[in-house]
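What follows is the residue order along each chain.
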Amino acid sequence: MPQHSICIAALYRFTPFSDPAELRAPLLDACMSLQIRGTLLLAREGINGTIAGTAEGIDAILGYIRSLPGCDALEWKLSYDDSMPFNRMKVRLKREIVTMGQPDIDPLAGVGHYVPAGEWNALIADPDTILIDTRNDYEVAVGTFKGAVDPDIQSFREFPDWFRAKRAALEAEGRKPKIAMFCTGGIRCEKSTAFALSEGVEDVYHLKGGILKYLEDVPEAESLWEGECFVFDQRVTVRHGLEPGAYDLCHACRRPVSAEAKLSDLYVEGVQCPACAAERTDEQRARYAARQHQEDLARARGAHHIGSE
């Protein structure tokens with residue numbers, strides 16, 4: 001397959017869908033007909049996901065999605081790779097397209113100030129700005145902005161309680177700083193900044209287009225980003241210019257695995273990594289080992305094992 005023959009689109013749109021289930025089958029059919037792979041989430045609050053295919057196929061499916069109710073202003077980010085990063089196409093129905101567990105939060109009612117990638121450095125260099133990484137702990141461990149606060153959360157559901165505690169601590173110090181938030185593609189910050197506004201915080205900002213837009217637009221020599229950025233496909237991580245990174249994925253826990261971690265005695269390909277070795281039962285490890293064996297056999301005969309995702 002020629003280099004960069006695959007186009008990858010990370011997309012989202014908050015918009016009220018009266019009946020997401022009615023949209024599911026036609027959307028899946030459209031993706032399948034265009035040989036698109038990946039995952040799309042549908043909920044009453046909108047659509048979210050990452051998909052991949054040919055540039056022509058992605059252009060066509062983005063046109064289809066933009067024709068859905070309220071999706072004419074769809075947000076999407078394109079990147080390219082030399083291989084397909086997904087094994088299948090899935091369209092799933094969910095309660096939320098990004099799960100925060102705060103049913104009263106509506107990004108359509110108001111979010112923080114959008115800051116373009118080219119203006120982000122100036123904002124976060126301001127000593128009066130508190131910079132918050134809204135992603136999960138394993139994502140932050142791979143890379144983040146210099147000086148960012150890590151909430152050390154395992155799920156976005158934990159963010160509201162963490163934010164309330166952080167805000168109380170700042171107010172106890174007599175501080176009311178500007179709050180700047182960021183995430184991978186921008187969708188989490190739609191909710192995190194909407195939540196902050198609902199809590200009475202007014203000076204809230206977020207990175208438009210997320211880390212992916214920043215890594216694409218800001219030259220590495222001027223960048224305040226340190227490390228790589230975790231992405232939810234088989235590339236695992238990307239660097240500046242959205243080039244594929246150096247991490248692999250643990251297929252047991254879905255966390256990124258560095259070259260150093262793969263040298264550990266606790267690393268078994270497809271079965272466990274140092275981060276999850278103590279979290280799995282012997283039964284689970286046996287199941288993962290059987291899956292990895294099937295994948296190895298498929299690879300040896302030049303086939304694709306659908307269960308590898």
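Refer to the preceding data block for the structure.
Summary of the structure given here. All values reported here derive from a predicted model rather than from experimental measurement. (Residues numbered from 1 in each chain as written. Predicted model: local features only at pLDDT ≥ 70, side-chain atom pairs only at ≥ 80, totals over all residues. Heavy atoms only, no water.)

Here we look at the sheet that holds strand β9 (residues 178-182)
The four strands lie next to each other as β6-β10-β9-β7, forming an open sheet whose pairing is parallel. Looking along the sheet, the strands with just one partner apiece sit at the ends: β6 (113-115) and β7 (129-133). Between one strand axis and the next, the sheet turns through 30° on average, direction left out of account. Direction of pairing for β6 relative to strand β10 (residues 204-207): parallel, over a ladder of three bridges. The residue bridging Val115 from the neighbouring strand is Leu207, located in β10. Against the sheet, helix α3 (residues 117-125) makes contact with β6, β7, β9 and β10, and its axis sits at roughly 135° relative to β9, the strand it touches most. (Pairing = 2+ DSSP bridges. Helix = DSSP H or I, 4+ residues; strand = E, 2+ residues; numbered from the N terminus. Axes fitted to C-alpha atoms, helices over the stretch in contact; angles between N-to-C directions. Contact = heavy atoms within 4.5 Å.)

Section: the pairing of β9
Counting buried residues in β9 gives five out of five residues, a clear majority hidden from the surface. Side chains Lys178, Ala180 and Phe182 project from β9 onto one buried face, and the interleaved Ile179 and Met181 project onto a second face that is buried too. Pairing between β7 and β9: five bridges, direction parallel. From the neighbouring strand, Asp133 faces β9, where its bridge partner is Phe182. Strand direction decides the pairing type here: β9 and β10, joined by three bridges, are parallel. (Buried < 20%, exposed > 50% of the residue type's maximum accessible area, 1.4 Å probe, protein only.)

Brief notes about the environment of Pro127
Mapped onto the elements, Pro127 comes out in the loop between α3 and β7. Taking the C-alpha atoms as reference points, Pro127 and Lys178, 51 residues apart in sequence, are found 9.4 Å from one another.

What to know about the nonpolar core
Formed by 25 residues in total, the largest nonpolar core has its most connected members in Ile132, Phe159, Phe163, Ile179 and Met181. The element best represented in this core is helix α6 (residues 187-198), accounting for five residues. Look past the residues within four positions of Phe159 in its chain and what remains in contact with it is Met100, Ile132, Thr134, Pro151, Ile153, Met181 and Ser192. Cys31, Leu42, Ile51 and Ile61 belong to the second-largest nonpolar core, a separate cluster that totals 23 residues. (Core = buried A, V, L, I, M, F, W, Y, C linked by side-chain atoms within 4.5 Å.)

Regarding the pattern of salt bridges
Oppositely charged side chains are able to pair whenever their charged atoms sit close together. Taken as a whole and assessed by the stated rule, the structure comprises 18 salt bridges. Of the charged contacts in the structure, one is a salt bridge between Lys77 and Glu216, with a shortest N-O distance of 2.8 Å. One end of the pair, Lys77, is in strand β4 (residues 75-81); the other, Glu216, is in helix α7 (residues 210-217), and 139 residues separate them in sequence. Note that Lys191 is salt-bridged to Glu96, the shortest N-O span being 2.5 Å. On the criterion of sequence distance, the pair formed by Lys191 in helix α6 and Glu96 in the loop between β5 (89-93) and β6 is long-range, its members being 95 residues apart. Under the relative-accessibility criterion, Glu96 is labelled buried at 13%. The network of salt bridges with common partners includes Lys77, Lys213, Glu216 and Asp217. (Salt bridge = Lys/Arg side-chain N within 4 Å of Asp/Glu carboxyl O.)

Structural notes on the side chain of Thr144
The topology assignment puts Thr144 in strand β8 (residues 143-145). Here Thr144 falls in the buried class, since its relative accessible area comes to 16%. Reaching out from Thr144, the side chain makes a polar contact with the side chain of Asp133 at a distance of 2.7 Å. The residues touching Thr144, leaving out its near neighbours within four places in the chain, are Asp133, Arg135, Phe182, Leu224, Trp225 and Glu226. (Polar contact = N/O pair within 3.5 Å; in protein donor to acceptor, adjacent residues only side chain to side chain.)

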